[in-house]
Amino acid sequence: MSAPASPTPIPVATPEAVAGGRRQDPRRPGRTRHPLPRGLFAAVQTSFLVLIGLLVLVPLAAIFLGTFQDGGQIIRNGLSLDLDFSVLSLDNYVLLFTDSGPYFRWFANSVVLTAVQVVLTLLVSSFVAYGFAMYEFRGKNAWFISVLLLMTVPFEIMMLPLFVLVNDVGLADSYGVIVVPFLAASVTIFFFRQYFLGIPRELLEAGRVDGVTEFGIFFRIVLPIARPALAAMAILNGMVIWNNFLWPLLVLRSSEKFTLPIGLNTLLTPYGNNYELLIIGSFFSLLPVLVLFLLFQRFFVAGMTAGALKG
Amino acid sequence: MDDGPTAGPPLATGARTATATAGGGGGASPLDGRGVTRRRPGGRSLKDVLYSQKLAPYFFIAPFVITLLAFWAVPLVRTFVMSTQEVLFGESAFVGTDNYERLWRDRIFWQALFNSARYMVLTLVLLIPIPLVLAVLLNSKIGSARVKAVFKASLFVPALTSVVVAGIIFRLMFAETGTGLVNQALALFGADPVRWLRTDTGGLVALLALAMWRYTGVNILYFLAGLQSIPDEYYEAASIDGANKVQQFFRITLPNLKPTMVYVTTISIYGGLAMFLESFMLYAGNNSPNNQGLTVVGYLYRRGIEENDLGYASAVGVVLLVVIMAINLTYLRLTGTFSKEGQR
């Protein structure tokens, strides 16, 4: 950090220090820091934040209420916050747990696929990032710039030729095709590299002296102390992979292999007769991520802001 | 798993490491690793390779290099090649710039490009200033910290929903009947029901509402991270020099937020121009009245996947790639991001 642009730097940044500094300045005795009195400003700000915070939850409240209503009605009339207690029932929940067809199959597919892909992505991406963070080698800059460039190339452009390729080699309808192209994920590599840059090199030297191989140093010394980074990236990747839609939609053919988003999408047809399942299934698919979020909020924030940190 | 903590402390200082290395007493293997480059290449054993600091980085970045070549470079080249071909039923014939000429005269393509560009610009206008102001509010010392924490969590929740589910919810909230949530809200102000998804403007409003719902909280987090990296001393100093809050915002906050701003803008340009799923879910498919919800990627999907005209769809893809790269590279150049990256 460069020095602050002031003639007299203030080492401790407390409101008291500022107030003290201001009192000593005779030229500006009556200057207030806010046009409104502090208390009023805080009250206005708080009610503003509460209002927006509630507004944001309205769509989720609406779908939650929808789970107690007739699906066909909702498709015809739209979602609203109306509460007509005479039509509310738990029928949809009974349906979900007794007669939801392949829904829980899709759910299980999504859980397993997400778990496997997250673990593999973390391993592969951190492995690559370690190479960029800890070594000097020929072509390093060029390769790293291609990591950065990949972050701005939309996958949607690659999807067509990849789709053709997958069909040509007969790999359609397989999970491998969904997972493998994204294991070395550029955003994740970038994040891990930033994290590894902060690890003292002496630790690696220590490992070398103890006779650990270069790869042993990564797996046995560096990865275990990178737990916070692993947690943040697990959550960020988990979120994205759980909601992954376009590529699985192209690749997967058979209903028993569908993931949740793909399965739910098939229920949203004009000729559907399973709108109850569409509504409650949509709501239910939100729960795993919401629960994880409530449990691990700080990791979510760390993961989301990963890319925006200063390099 | 406990290797880190136990191996770390005893040798954590450079001096001790150096003496230990110089002593070279324990095992010869680490020194072998250093010396490996001085040997003839033919004399390498597996052990030498595992200990070689010269070779290790290439193994480490190999998965990325393979991914880059197999899943990005090859498809990219293939896209360029296919865009000069007519590909039908597995037969491809070279047609030169035919696809691009057709594209140039294709009014639906221009409409899709216009729709994507309009969406991108409007999301930039909405999803940068509003989250920035909210982030500054959250970062100020005034107000209850608990309220702010709950606010942050609540605004982040929509980002956790998949576009599929969010699209289903918004489609049903923007129902054209008087009983849909949004029309009910309008009725409170005495307005008649709007046929949201049937009109161009209505559909755009629904699309932007969906985007704002999902991404405002995320962008707030980005800006908060940036704001918190600005040292308090800057503000203290400015305050002593007599700068008011507005001056502080423009003279200190904005300039210091530049890296965050560059990042958020870059991903918003990318995300806006490549938007597809939001529209796909909102209109329950790739078809909308008069193509009002069609985006470039939607058009690529329609021609390539739905109509199996791969050559033409590839040309759409190439144009999209060129547009996104041109805008982003120009923007990154103007903001000087590349020169900074090169210095590292």
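Residues numbered from 1 in each chain as written. Chains lettered and ligands numbered in written order. Predicted model: local features only at pLDDT ≥ 70, side-chain atom pairs only at ≥ 80, totals over all residues.

1. A closer look at the overall build of chain A
Phase 1 of the analysis: Scanning chain A for helices and strands turns up 16 helices and zero strands.
Phase 2 of the analysis: Counting only contacts in chain A whose residues sit at least 6 apart along the sequence, the fraction spanning at least 24 positions is 75%. (Helix = DSSP H or I, 4+ residues; strand = E, 2+ residues; numbered from the N terminus. Contact = placed C-beta atoms within 7 Å.)

2. Observations concerning the pairing of strand β1 (residues 85-88) of chain B
All names here are of chain B.
Phase 1 of the analysis: Residues Gln85 and Val87 of β1 are buried on one face, while the alternating residues Glu86 and Leu88, pointing to the opposite face, are not.
Phase 2 of the analysis: Sheet analysis places β1 next to strand β2 (residues 91-94), joined by four bridges and oriented antiparallel. Following the sheet pairing, valine 87 is matched in β2 by serine 92. (Buried ≥ 20, exposed ≤ 12 C-beta atoms within 10 Å, placed from the backbone. Pairing = 2+ DSSP bridges.)

3. Concerning the packing of helix α2 (residues 38-66) of chain A against helix α15 (residues 275-295) of chain A
Residues and elements named next belong to chain A.
Phase 1 of the analysis: Direction vectors running N to C along α2 and α15 enclose 130°, while the axes themselves pass 9 Å from each other. Considering their axes alone, α2 and α15 lie oblique with respect to each other. Viewed along their axes, α2 and α15 form a crossing whose handedness is left-handed. From α2, Ile63, Phe64 and Gly66 reach across to α15, where they touch Ile279, Ser282 and Phe283.
Phase 2 of the analysis: Split by residue class, the contact of α2 with α15 holds four nonpolar, two polar and no charged. (Axes fitted to C-alpha atoms, helices over the stretch in contact; angles between N-to-C directions. Parallel < 35°, antiparallel > 145°, perpendicular 65-115°, else oblique. Left-handed = near helix turned anticlockwise from the far one by under 90°. Nonpolar A, V, L, I, M, F, W, Y, C, P; charged D, E, K, R; others polar.)

4. A look at the nonpolar core
Phase 1 of the analysis: Grouped together as the largest cluster of nonpolar side chains are 163 residues, with contacts concentrated most on A:Val128, A:Ile189, B:Ile169, B:Met173, B:Val296 and B:Val316.
Phase 2 of the analysis: Every residue in contact with B:Met173, bar those within four places of it in the chain, is listed here: A:Pro59, A:Ala62, A:Gly78, A:Leu79, B:Gly180, B:Leu181 and B:Val182. (Core = buried A, V, L, I, M, F, W, Y, C linked by C-beta atoms within 7 Å.)

5. A closer look at the packing of helix α17 (residues 296-306) of chain B against helix α18 (residues 310-334) of chain B
All names here are of chain B.
Phase 1 of the analysis: Running from amino to carboxyl end, α17 crosses α18 at an angle of 165°, the nearest separation of the two axes being 8 Å. Taken together, the axes of α17 and α18 are roughly antiparallel relative to one another. α17 and α18 meet at a crossing whose hand is left-handed. Of the residues in α18, those in contact with Val296, Tyr299, Leu300, Arg303 and Gly304 of α17 are Leu310, Tyr312, Ala313, Val316, Gly317 and Leu320.
Phase 2 of the analysis: Counted by class, the contact of α17 with α18 contains eight nonpolar, two polar and one charged residues.

6. What to know about the environment of A:Tyr103
Phase 1 of the analysis: Tracing the chain through its elements places A:Tyr103 in helix α5 (residues 103-134).
Phase 2 of the analysis: Setting aside chain neighbours within four positions, we find A:Tyr103 in contact with A:Leu96, A:Gly263, A:Leu277 and A:Gly281.

7. A word on the interface of chain B and chain A
Phase 1 of the analysis: Residue-level contacts link 107 residues of chain B with 101 residues of chain A.
Phase 2 of the analysis: For the side of chain B that touches chain A, the per-class residue count stands at 66 nonpolar, 31 polar and ten charged.

8. Digging into the domain arrangement of chain A
Residue and element names in this part refer to chain A.
Phase 1 of the analysis: When cut into domains, chain A gives domain 1 (38-98) and domain 2 (103-308).
Phase 2 of the analysis: Measuring from the centre of the C-alpha atoms in domain 1 to the corresponding centre in domain 2 gives 32 Å.
Phase 3 of the analysis: In this complex, domain 1 contributes twelve residues to the contact, which on the side of domain 2 involves ten residues.
Phase 4 of the analysis: Elements supplying a minimum of two residues to the side of domain 1 that touches domain 2: α2, α3 (71-77) and α4 (91-98).
Phase 5 of the analysis: When grouped by side-chain class, the residues that make up the side of domain 1 that touches domain 2 number seven nonpolar, five polar and no charged. (Domains from an automatic or database assignment.)

9. Notes on helix α6 (residues 140-150) of chain A
Phase 1 of the analysis: Along α6(A), the residues that are buried comprise A:Phe144, A:Val147 and A:Leu150. For α6(A), the buried positions fall inside an angular range of 115° around the axis, keeping them on one side. Among the exposed residues of α6(A), those pointing more than 90 degrees away from its buried face are A:Asn141 and A:Ala142.
Phase 2 of the analysis: In this structure, the buried side of α6(A) is in contact with α5 and α9 (186-197) of chain A together with α5 (56-82) of chain B. (Arc of directions from axis to C-beta.)

10. Points about the environment of A:Gly39
All names here are of chain A.
Phase 1 of the analysis: On the secondary structure map, glycine 39 appears in helix α2.
Phase 2 of the analysis: Residue classification places glycine 39 among the exposed positions, given that 9 C-beta atoms sit within 10 Å.
Phase 3 of the analysis: Residues glycine 39 and proline 288 lie 249 residues apart in sequence; the distance between their C-alpha atoms is 40 Å.

11. Description of the confidence of the model for chain A
Residue and element names in this part refer to chain A.
Phase 1 of the analysis: Chain-level pLDDT for chain A is 82 on average; 84% of the residues reach the 70-or-more range.
Phase 2 of the analysis: Confidence, expressed as mean pLDDT per element, reaches its minimum in chain A at helix α1 (residues 15-23) with 39 and its maximum at α5 with 95.
Phase 3 of the analysis: A low-confidence stretch, residues 1-32 stays under pLDDT 50, and its non-local contacts, those more than four residues away or across chains, total 26 contacts. (pLDDT = per-residue confidence, 0-100.)

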